[in-house]
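Understanding the architecture of this molecule
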Number of protein chains: 2
Amino acid sequence: MARVTPLSGFPEWLPDGRIVEQHVLDVLRRTFELHGFAGIETRAVEPLDQLLRKGETSKEVYVLRRLHDETDDAAGAASSDRGDKQLGLHFDLTVPFARYVLENAGRLAFPFKRFQIQKVWRGERPQDGRFREFAQADIDVVGAGDLPYHFEVELPLVMAEALGALREIGVPEVRILVNNRKVAEGFYRGLGLDDVEGVLRQVDKLDKIGADAVAALLVAEQGATAEQARACLELAAISGSDATVIDRVRALAVSYGAGTELLETGLAELGALVEAAARRAPGVVVADLKIARGLDYYTGSVYETVLVGHEQLGSICSGGRYDTLASDGKNTYPGVGLSIGVSRLVSRLLSAGLVAATRGVPTAVLVAVLDEESRDRSDAVAAALRARGIPADVAPTAARFGKQIRYADRRGIPFVWFLGATGEDGATGPDQVKDIRSGEQVDADAGAWEPPAADLWPRVVPAAG
Amino acid sequence: MARVTPLSGFPEWLPDGRIVEQHVLDVLRRTFELHGFAGIETRAVEPLDQLLRKGETSKEVYVLRRLHDETDDAAGAASSDRGDKQLGLHFDLTVPFARYVLENAGRLAFPFKRFQIQKVWRGERPQDGRFREFAQADIDVVGAGDLPYHFEVELPLVMAEALGALREIGVPEVRILVNNRKVAEGFYRGLGLDDVEGVLRQVDKLDKIGADAVAALLVAEQGATAEQARACLELAAISGSDATVIDRVRALAVSYGAGTELLETGLAELGALVEAAARRAPGVVVADLKIARGLDYYTGSVYETVLVGHEQLGSICSGGRYDTLASDGKNTYPGVGLSIGVSRLVSRLLSAGLVAATRGVPTAVLVAVLDEESRDRSDAVAAALRARGIPADVAPTAARFGKQIRYADRRGIPFVWFLGATGEDGATGPDQVKDIRSGEQVDADAGAWEPPAADLWPRVVPAAG
């Protein structure tokens, strides 16, 4: 194995970075479990025809081929002749989850609440600086036939709680931006714009190209009048975190004569969400009428989440309500869910120096080795510590103690344990443990000594820098 | 999305099966961390040329191609023209770890102890009933330049401890079978058989085809005499868990005049391993001179692990010492490691009915909903329970209580919480919580009530059946 070069778009962390990522994953998992979400994993691959159902992402799929088949191809035989379905790596966890629900519908209890934390892959061009492999953490609730609206209120609040639990390690405050597809659709249709998908697609470009350009596109590509385009932009400009936002949308619709029943349904839902959120997680949820979400399967609430002060990073947690993602023709499974882009979040936390691990190894105590003949005694001390839940390692060689202490220091291991010396009379003195940060060294018994709780495991803390 | 059919070779678990798998992973991780192994993850892909360095597995690799490139291919452009390296999914965690070590050598502290728990993929023919995607849990220690022998003793004992920690959920006892490449190589060379790889490859077939067939192959393919073949088989027949096994090998070598210095080195190492293991984990480690391991990079100890009573499952945890897997030409990083086939293990535990989860959801308490108007009160109870670390869910609809209790029962949720009724005088009575298994119902305060510890989280236990 000669020179190695990192692969663009496939992030990897050093051990201390992985401690940060693992901590984030542990906190998310615990929050999801406290809320009763069952953890599942799905296979990494799906049949290609399932992955390509949503045209927009078709260019991003990694297709798999067995090397064996490649060889056959070179010899002229097409792999599709072998009856093997073409497989691709999943690019999100929603499509596999929908498939899992259909496949196991008879064995699941509905509404089914699940969380899923896995890698996904997208064949993005590496020059765009995007990740080609990244971890997502998803929660969804899926009903059989119907799903009460209150889940559209609860799920973003679960995510707010999960992300809020990361505040103590230095993750910035989050703001969840919410909208409702029924509001947009009702308003556009009330205006006389019936290509709702098309209008949403243009409005979704607001942050990238600005209001004037979006207005021009609405006129040029969606056939809107200048007044209709202005109305769309005025709607998109509305945001707020209390019920007055609903009144402002309604007033706008009235001024354009764009009121519809669908708009009213959407406003009632959006109002309920904003109101409940203001009560249960004040300041976190903001109605933002320009949130469109690219994917066409959302039918109600849609969500995006920004880190306050890091808005240019884009949304780190997005999702929405979908009525028909999973359907086997006879039964439909509506759902609502959100997905955290864990790799994007962790990458930002590390690269911006927002968080740090107190050490890069689990080890709290390094047991020194006097000589190879007494390694057994050091092993026994380590075993006694581990049996009481204290992570311990034994020095790899019986080097002089200064070198063994440096071994601990390089890894951030706070304590070094020294075996009691055996005197000429054959009696063994007490063991000692040294806090290598303070230099303090005290007698200690491996069956009783405890490190301070803060030193037991590596912790993730806000970085000084 | 129409009919769905499971993909052969890509296992997925229902939520209660995933609880079993997650528990196994949690126990392994904790054991590895207590021993000071740092957790890392590597990307799922490696350049194809790196994956194909070991000829034997080349047929099993999944090659990735961006769908975009596929389209171009159809138009006649070869994807290799684009300068993108061809990528494949890793088929184990050792090759990626070796690459990670080389790539980050300047930023790691050696000896570097890491654990890694990830999926791997192999493009096996599905009709063989093998997994094409499965989770592995690996531990390795890698040194810079050298690595003391004692790690070859310690690593299998860490795995013995990790697997031993699973005994309480019903995982059968394990037996770790160990051998040493130097013993086999020294013995074969002493016999005059210099194609050591070739002889090992034939001996590795013993369990599949039997001694007579292996002897015939040794004669036919390795050019061994009948006597040499007999000696190889006699060596392979030796096993035992104490130091006498070393004496028996040495006596055999003497009887064939096959003693070599390399053999003596190997016997000293194997003897030290067996002796230390007998002291630290009695009965777990057995020297078995027929253990060969297919991969050619092992240079010292080799390990396989069987579940006692389930030997036909094959090895669930294998590995060995390698001197030259990772090398950048200037520096060499010798290591020793073992890998647990987690999916194979969990699949057996579930299919053989050895273990079970006490429930399929994390939830300990379902908070009933009297009517949608009071859902807020139910939400507040659930929040109070969660704040004290009790997993709680709220009923999805304000159905009659019998239906809400059935909702809990179907999921194995042990407790249902009822809000105190509000009397005509406006006063609210105490909440009550019902153990739906016993039917017992008592007054309870969401700020103080605790479920029994055994009911707090789902547990994994030996199955009754």
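Owing to the predicted nature of the structure, the values given are computational and were not obtained by experimental measurement.

**Points about the pattern of salt bridges**
Going through the model one piece at a time under the given rule, you end up with 58 salt bridges over all chains. The closest approach of N and O atoms between Asp140 of chain A and Arg114 of chain A, which form a salt bridge, is 2.9 Å. Linking Asp140 of chain A in strand β6 (residues 133-142) with Arg114 of chain A in strand β5 (residues 112-121), this pair joins segments that are 26 residues apart in sequence. Here Asp140 of chain A and Arg114 of chain A have matching classes, each one buried. Arg437 of chain A is paired through a salt bridge with Asp435 of chain A; the nearest N and O atoms lie 3.0 Å apart. Residues joined by salt bridges that share partners form a network here, namely Glu12 of chain A together with Arg43, Glu46, Arg99 and Glu103 of chain B.

**Structural notes on the packing of aromatic side chains**
All names here are of chain A. What the rule picks out here adds up to 19 aromatic pairs over all chains. Measuring from centroid to centroid gives 5.2 Å for Phe110 and Tyr333, while their planes differ by 35°, and the two rings are tilted. Highlighted residues: Phe110 in the loop between α4 (94-104) and β5 and Tyr333 in strand β12 (residues 332-341), separated in sequence by 223 residues. An aromatic cluster of at least three residues, connected via ring pairs, comprises Tyr297, Tyr298 and Tyr322. Lying over the aromatic face of Phe97, Arg114 brings its terminal NZ or CZ to 3.9 Å of the ring centre.

**Re the interface of chain B and chain A**
At the junction of the two partners, chain B supplies 100 residues and chain A supplies 100 residues. In this assembly, chain B packs against chain A so that about 8,700 Å² is buried in total across both faces, 54% of it on carbon and sulfur atoms. The tally of links between chain B and chain A comes to 14 salt bridges. On the surface where chain B and chain A come into contact, there are 42 residue pairs in polar contact (both at pLDDT 80 or more). For the side of chain B that touches chain A, the leading source of residues is helix α1 (residues 15-34) of chain B, giving nine residues. Considered class by class, the residues forming the side of chain B that touches chain A number 44 nonpolar, 19 polar and 37 charged. Summarising the sheet, strand β3 (residues 62-66) of chain A and strand β3 (residues 62-66) of chain B pair through five bridges and their orientation is antiparallel. Bridge pairing in β3 of chain B links Leu64 of chain A to Leu64 of chain B.

**Quick word on the relation of the copies chain B and chain A**
Overlaying chain B with chain A gives an RMSD of 0.0 Å, the required rotation being 180° about an axis along which the chain moves by 0.0 Å. Expressed as an axis order, the relation between the two copies is that of a two-fold axis. The rotation axis passes nearest to the C-alpha of Leu64 of chain B in chain B, at a distance of 2.5 Å. Comparing interface residues between copies, 100% of those in chain B also lie at the interface in chain A; the contact surface is shared.

**Regarding the sheet that holds strand β17 (residues 431-435) of chain B**
Residues and elements named next belong to chain B. Strand order in this open sheet of five strands is β15-β14-β16-β17-β18, and the pairing throughout is mixed. A single partner strand is all that each edge strand has here, and the edge strands are β15 (392-394) and β18 (441-444). Across the sheet, the mean angle from the axis of one strand to that of its neighbour is 30°, orientation sign disregarded. As judged from the four bridges shared by β17 and β18, these two strands associate in the antiparallel manner. Among the inter-strand pairings, Asp431 is bridged to a residue of β18, identified as Ala444.

**Notes on the packing of helix α11 (residues 244-255) of chain A against helix α12 (residues 261-280) of chain A**
Residues and elements named next belong to chain A. As a packed pair, α11 and α12 sit with axes 10 Å apart at the nearest point and diverge in direction by 165°. On the basis of their axis angle, the class for α11 and α12 is roughly antiparallel. α12 is crossed by α11, and the crossing has right-handed handedness. Counting all contacts with α11, which are made through Ile246, Val249, Arg250 and Ala253, the residues of α12 involved are Leu263, Glu264, Leu267, Leu270 and Gly271. Along the lines of polarity and charge, the residues of the contact of α11 with α12 split into six nonpolar, one polar and two charged.

**Examining the nonpolar core**
Residue and element names in this part refer to chain B. Ranked by size, the top nonpolar core spans 88 residues in total, and within it Phe32, Phe187 and Tyr188 carry the most contacts. Considering each element in turn, this core owes the most residues, nine residues, to helix α5 (residues 150-164). When residues of this core are assigned to domains, at least three fall in each of domain 1 (7-44 + 90-173 + 310-357) and domain 2 (174-307).

**Some words on the environment of Val45 of chain B**
Residue and element names in this part refer to chain B. For Val45, the location among the structural elements is in strand β2 (residues 45-47). Given the relative accessible area of 0%, Val45 is considered buried. Residues Val45 and Glu264, spaced 219 residues apart in sequence, show a C-alpha to C-alpha distance of 41 Å.

**Description of the UniProt feature "binding site: L-histidine" (unreviewed entry) in chain A**
Residue and element names in this part refer to chain A. In the UniProt entry, the feature "binding site: L-histidine" (unreviewed entry) is given for Asp92, Leu93, Thr94, Arg122, Gln136, Asp140, Arg293, Tyr297 and Tyr298. Secondary-structure assignment places Thr94 in helix α4. Note on Thr94: relative accessible area 11%, which makes it buried. Excluding its chain neighbours within four sequence positions, the residues that come into contact with Thr94 are Asp138, Tyr297 and Leu325. Counting through the fold element by element, Tyr298 comes out in strand β10 (residues 298-307).

**Let's talk about unusual backbone geometry**
Of note, the bond from Phe110 of chain A into Pro111 of chain A is cis; its omega dihedral lies within 30 degrees of zero at -5°. As for its position among the elements, Pro111 of chain A is in the loop between α4 and β5.

**Regarding α1 of chain B**
For the α-helix, the turn length of 3.6 residues means that residues three or four positions removed from each other point alike. Residue and element names in this part refer to chain B. Between its first and last C-alpha atoms α1 spans 28 Å; for 20 residues at 1.5 Å apiece the expected length is 28 Å, and the two agree. Most of α1 sits inside the fold, with 16 of its 20 residues counted as buried. The first or second residue beyond α1 is Gly36, which carries a positive phi of 85°.

**Observations concerning helix α10 (residues 226-236) of chain B**
Within α10 of chain B, burial applies to Gln228, Ala229, Ala231, Cys232, Leu233, Leu235 and Ala236 of chain B. Contacts made by the buried residues of α10 of chain B are with α6 (181-191), α7 (196-203), α8 (206-209), α9 (211-222), α11 (244-255) and β9 (285-288) of chain B.

About the criteria used
Residues numbered from 1 in each chain as written. Chains lettered and ligands numbered in written order. Predicted model: local features only at pLDDT ≥ 70, side-chain atom pairs only at ≥ 80, totals over all residues. Heavy atoms only, no water. Salt bridge = Lys/Arg side-chain N within 4 Å of Asp/Glu carboxyl O. Helix = DSSP H or I, 4+ residues; strand = E, 2+ residues; numbered from the N terminus. Buried < 20%, exposed > 50% of the residue type's maximum accessible area, 1.4 Å probe, protein only. Phe/Tyr/Trp six-rings, centres within 6.5 Å; stacked < 30°, edge-to-face > 60°. Lys NZ or Arg CZ within 6 Å of the ring centre and 35° of its normal. Contact = heavy atoms within 4.5 Å. Buried area = accessible area lost by both parts, 1.4 Å probe. Polar contact = N/O pair within 3.5 Å; in protein donor to acceptor, adjacent residues only side chain to side chain. Nonpolar A, V, L, I, M, F, W, Y, C, P; charged D, E, K, R; others polar. Pairing = 2+ DSSP bridges. Least-squares fit on C-alpha atoms with pLDDT ≥ 70 in both. Axes fitted to C-alpha atoms, helices over the stretch in contact; angles between N-to-C directions. Parallel < 35°, antiparallel > 145°, perpendicular 65-115°, else oblique. Left-handed = near helix turned anticlockwise from the far one by under 90°. Core = buried A, V, L, I, M, F, W, Y, C linked by side-chain atoms within 4.5 Å. Domains from an automatic or database assignment. UniProt positions renumbered as here; feature names shortened; annotations may be inferred. Expected span 1.5 Å × (residues − 1).

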